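In case you want the letters, here they are:
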Amino acid sequence: MAAAEGSGAGGAAKPLFAGLSDVSISEDIPVEGEITVPVGSRSPDEDYSTLDEPVRDTIMRDLKAVGKKFVHVMYPKKSSALLRDWDLWGPLVLCVSLALMLQGGSADSKDDGGPQFAEVFVIIWFGAVVITLNSKLLGGTISFFQSLCVLGYCVLPLTVAMLVCRLVLLAGSGTVSFVVRLVVVIAMFGWSTLASTAFLADSQPPNRKALVVYPIFLFYFVISWMILTFTPQ
Amino acid sequence: MAASNELRFHEFEEAAELLSATPTATTASTGARQSHTTVDVGPGYEEGEPGEDADSAELLGGQRKPRSFWTFEYYQAFFDVDTYQVLDRIKGSVMPLPGKNFVRHHLRNNPDLYGPFWICATLVFALAISGNLSHLPEKQASPSFHYSPQFHKVTIAATIVYCYAWLVPLALWGYLRWRQGAGARAGAYSFLETVCVYGYSLFAYIPAAVLWLIPAAWLQWLLLAVAALLSASVLALTFWPLVRADGRAAAVALLAAVVSLHTLLAVCCKLYFFQRPPSAGPAPSPLHTTLGTEPHRSRAPQHFSNLSQPASSRQ
């Protein structure tokens, strides 16, 4: 290649370029397609670029998208907004904040403490992946990350329940406190399950809905259990 | 002219590359072009054209088999069940009816992994949570007792249950294959069917694990006996036709091993997860635990030192 090019370019460069103007291209090489180059034909709206916008705008737009999905989880309507543009920022934030709030229990006695940060993290992500694979294997029509996104966002009620539990535990840890925590956790557990079912159940064949809903129920039940049994010190 | 030269040169260069890659290819430009197309599309996605290249076709044939194993559809076949089928199999796993073989009447050549996987998961959390809750009455009794979620028991329960549900069927399947020799009869169960039978047979322990919350020792052991009896007899009925031809002694020994392993799992879980903290000694006997789990009794350390004390106080 190099030798051939050297002989072509160095040895007979002038005659080659001189001859090029004479040769009509269409004789040797078939030329197809649009040859004209569009110059400045688009309107500024069409090639709207996010490259030169302020960083603030970028962050605010993403935060708004995450916040909108939070609202969708709290009011689970039959909407496809949570499914259409999925993201994993919300699940990450919820998972990390839940795992952080579950710390500070009996962490000093390693033997019989509550769940560690890594355990909570793994249970949430691994559980969501297994449930997603389960629903895909059963013939669901939803995509992998859509399902992961929905399951992650539907942890939101339980994160709220964790927050309430910590506040209640600040006040005291008697029987009344336990009953309050029990009621809150059960309510939020139902909320999470119903919300995720509302989003995910429609993508399944009707005779397999129960098979898909049961693992979701188990997943949120275990998270609720971790929240309810959280005891400080 | 120069442009066309350039073009042809490229073509030959590609042909040379191909030659180095596939030495058996023809050097004719048409042949090179053909094999070029094949390479571009990718050998895995296209079936080798018949008679073009014998060893490459062999290679493709070899590649296709693991490929089908790695596809998603391969695994979808294991989850091809409907809700009523799963419910029917669960029902069948706790109702041992003579003459009703679980594999023949419930699986019907369609063993699934959905049931075994989620039954095991449920059993893991049922054991861990209900075992933890069974320690709860102590909290009211002794003010020094500090409640702890004991989250590490989930890991232990998962290890026990999943190991049992996979390794025992593997061993049993291997043993049956070995006994039947090379001429495997038509009646032999596949590995998947064996796993499925074992997975569903664990279902009986889930209600038992939840009901072990009732702090009455005789009731706990009764529940254990009933659950183990029901599910172990389903196992025995399922595997009896296979081992029957293998001589009476060997068949009975194998079934005894199956049943006793199944019961042993329940007893181990009962002793490990539902044991009172004060009696956390090394491997207590069943009698010891029976007495120890009596309500309102023996959470004091003297329980250790004096075994006969609770028995005598009962009289």
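This is a predicted model, so every value here is computed, not measured. (Residues numbered from 1 in each chain as written. Chains lettered and ligands numbered in written order. Predicted model: local features only at pLDDT ≥ 70, side-chain atom pairs only at ≥ 80, totals over all residues. Heavy atoms only, no water.)

Asks: Sorry, what's going on with the overall build of chain B here?
Replies: Broken down by element type, chain B carries 16 helices and zero strands. Put simply, 70% of the contacts in chain B that link residues at least 6 apart link residues at least 24 apart. For chain B, the accessible area works out to roughly 17300 Å², and carbon and sulfur atoms hold 66% of it. (Helix = DSSP H or I, 4+ residues; strand = E, 2+ residues; numbered from the N terminus. Contact = heavy atoms within 4.5 Å. Areas by Shrake-Rupley, 256 points an atom, 1.4 Å probe, with all protein chains shown as cover.)

Asks: Please explain the overall build of chain A as it appears in this structure.
Replies: A count of helical and extended segments in chain A gives eleven helices and zero strands. Burial statistics for chain A: of 233 residues in total, 39% are counted as buried. Sequence separation of 24 or more characterises 75% of the internal contacts of chain A that already satisfy a separation of 6 or more. By element, 68% of the accessible surface of chain A is carried by carbon and sulfur atoms, the whole surface being about 13400 Å². (Buried < 20%, exposed > 50% of the residue type's maximum accessible area, 1.4 Å probe, protein only.)

Asks: In this structure, what is going on with the UniProt feature "transmembrane region" (unreviewed entry) in chain B? I would like to understand it.
Replies: With numbering matched to this structure, UniProt assigns "transmembrane region" (unreviewed entry) to residues 113-134, 154-176, 188-214, 220-243 and 250-273 of chain B. Between the first and last C-alpha atoms of residues 220-243 of chain B the distance is 33 Å; the span itself is 100% helix and 0% strand. (UniProt positions renumbered as here; feature names shortened; annotations may be inferred.)

Asks: I tried to follow the side chain of A:Gln204 on my own but got confused; where do I start?
Replies: Counting through the fold element by element, A:Gln204 comes out in the loop between helix H10 (175-200) and helix H11 (209-228). There is a polar contact of 3.5 Å between the side chain of A:Gln204 and the backbone oxygen of A:Ser135. (Polar contact = N/O pair within 3.5 Å; in protein donor to acceptor, adjacent residues only side chain to side chain.)

Asks: Just to check I follow, could you spell out H11(A) for this structure?
Replies: Side chains three or four residues apart in an α-helix point the same way, a direct result of the helix having 3.6 residues per turn. Helix length check: H11(A), at 20 residues, gives a terminal C-alpha distance of 28 Å against a target of 28 Å (1.5 Å per residue), a fit within 8%. Burial analysis of H11(A) places 14 of its 20 residues in the buried class, which makes it a mostly covered element. (Expected span 1.5 Å × (residues − 1).)

Asks: Would you explain the packing of aromatic side chains in this entry?
Replies: Within a pair of aromatic rings, the relevant descriptors are the distance that separates the centres and the angle that separates the planes. In this structure the tally under the stated criterion is 25 aromatic pairs over all chains. The interplanar angle of 50° and the centroid separation of 6.4 Å between the aromatic rings of A:Phe121 and A:Trp125 together place this pair among those described as tilted. Pair noted here: A:Phe121 and A:Trp125 are both in helix H7 (residues 117-137), with a separation of four residues, about one helical turn. With a relative accessible area of 27%, A:Phe121 lands in the partly exposed category. Here a set of aromatic residues connected by ring pairs shows up, and it is made of A:Phe189, A:Tyr214, A:Phe217 and A:Phe221. Over the aromatic face of B:Trp178 sits the side chain of B:Arg179, whose NZ or CZ is 5.4 Å from the ring centroid. (Phe/Tyr/Trp six-rings, centres within 6.5 Å; stacked < 30°, edge-to-face > 60°. Lys NZ or Arg CZ within 6 Å of the ring centre and 35° of its normal.)

Asks: Is there a simple way to explain the packing of helix H4 (residues 55-74) of chain A against helix H9 (residues 156-171) of chain A in this structure?
Replies: Any two packed helices are characterised by how steeply their axes cross, that is the angle between the axes, and by the distance between the axes. Residue and element names in this part refer to chain A. Axis separation between H4 and H9 bottoms out at 9 Å; the angle between their running directions is 85°. In terms of orientation, H4 lies roughly perpendicular with respect to H9. Mapping the contact onto sequence places Phe70, Val73 and Met74 in H4 and Leu156, Pro157 and Val160 in H9. The residue makeup of the contact of H4 with H9, split by class, is six nonpolar, no polar and no charged. (Axes fitted to C-alpha atoms, helices over the stretch in contact; angles between N-to-C directions. Parallel < 35°, antiparallel > 145°, perpendicular 65-115°, else oblique. Nonpolar A, V, L, I, M, F, W, Y, C, P; charged D, E, K, R; others polar.)

Asks: How should I be thinking about the UniProt feature "transmembrane region" (unreviewed entry) in chain A in this particular structure?
Replies: Residues and elements named next belong to chain A. Annotation from UniProt places "transmembrane region" (unreviewed entry) at residues 86-105, 117-138, 150-172, 178-200 and 212-231. Strand forms 0% of residues 150-172 and helix 87%; the C-alpha atoms that close the span are 35 Å apart. Secondary structure content for residues 212-231 is 85% helix and 0% strand, and the end C-alpha separation is 32 Å.

Asks: Explain the nonpolar core to me, please; I cannot follow it from the model alone.
Replies: Where a protein is soluble and globular, its nonpolar side chains tend to be buried together. Ranked by internal contacts, the top residues of the largest apolar core, which has 117 residues, are A:Tyr220, A:Ile223, B:Leu127, B:Leu202 and B:Phe239. When residues no more than four places from it in sequence are discounted, the contact partners of B:Leu127 are B:Ala157, B:Val161, B:Ala209, B:Trp212, B:Cys269, B:Phe273 and B:Phe274. (Core = buried A, V, L, I, M, F, W, Y, C linked by side-chain atoms within 4.5 Å.)

Asks: Can you walk me through the confidence of the model for chain A in this structure?
Replies: Detailed conclusions should not be drawn from predicted coordinates in areas where pLDDT is low. Residues and elements named next belong to chain A. Considering every residue of chain A, the mean pLDDT works out to 79; 73% of them sit at 70 or more. Helix H1 (residues 2-11) is the least confidently modelled element of chain A, averaging 44 in pLDDT, while H11 averages 92, the highest of any element. Confidence over residues 1-14 falls short of pLDDT 50; this stretch has eight contacts with residues more than four positions distant or in other chains. (pLDDT = per-residue confidence, 0-100.)

Asks: I'm lost on the packing of helix H9 (residues 152-180) of chain B against helix H13 (residues 248-273) of chain B in this one. Help?
Replies: Residue and element names in this part refer to chain B. Closest axis-to-axis distance for the H9/H13 pair is 12 Å, and the angle between their directions is 175°. With respect to each other, H9 and H13 are oriented roughly antiparallel. Across the interface between the two elements, Lys153, Ile156, Ala157, Ile160, Tyr164, Val168, Leu172, Tyr175 and Leu176 of H9 pack against Leu254, Val258, Leu261, His262, Leu265, Cys269, Tyr272 and Phe273 of H13. Within the contact of H9 with H13, the residues separate by chemical class into 15 nonpolar, one polar and one charged.

Asks: Please clarify how the pattern of salt bridges should be interpreted in this entry.
Replies: For the structure on display, the rule yields five salt bridges over all chains. A salt bridge links A:Asp87 to A:Lys69; the nearest nitrogen and oxygen atoms lie 2.4 Å apart. With A:Asp87 in the loop between helix H5 (81-84) and helix H6 (89-101) and A:Lys69 in helix H4, the pair connects residues that are 18 residues apart, well separated along the chain. Looking at A:Lys69, the relative accessible area reads 6%, which means it is buried. With a closest N to O distance of 2.8 Å, A:Arg208 and B:Asp82 form a salt bridge. Residue A:Arg208 is located in the loop between H10 and H11, and its partner B:Asp82 is located in the loop between helix H4 (72-76) and helix H5 (83-93); the two belong to separate chains. Taken individually, A:Arg208 and B:Asp82 each receive the classification buried, so the pair is uniform in this respect. When salt bridges that share partners are traced, they join A:Arg208, B:Asp80 and B:Asp82 into one network. (Salt bridge = Lys/Arg side-chain N within 4 Å of Asp/Glu carboxyl O.)

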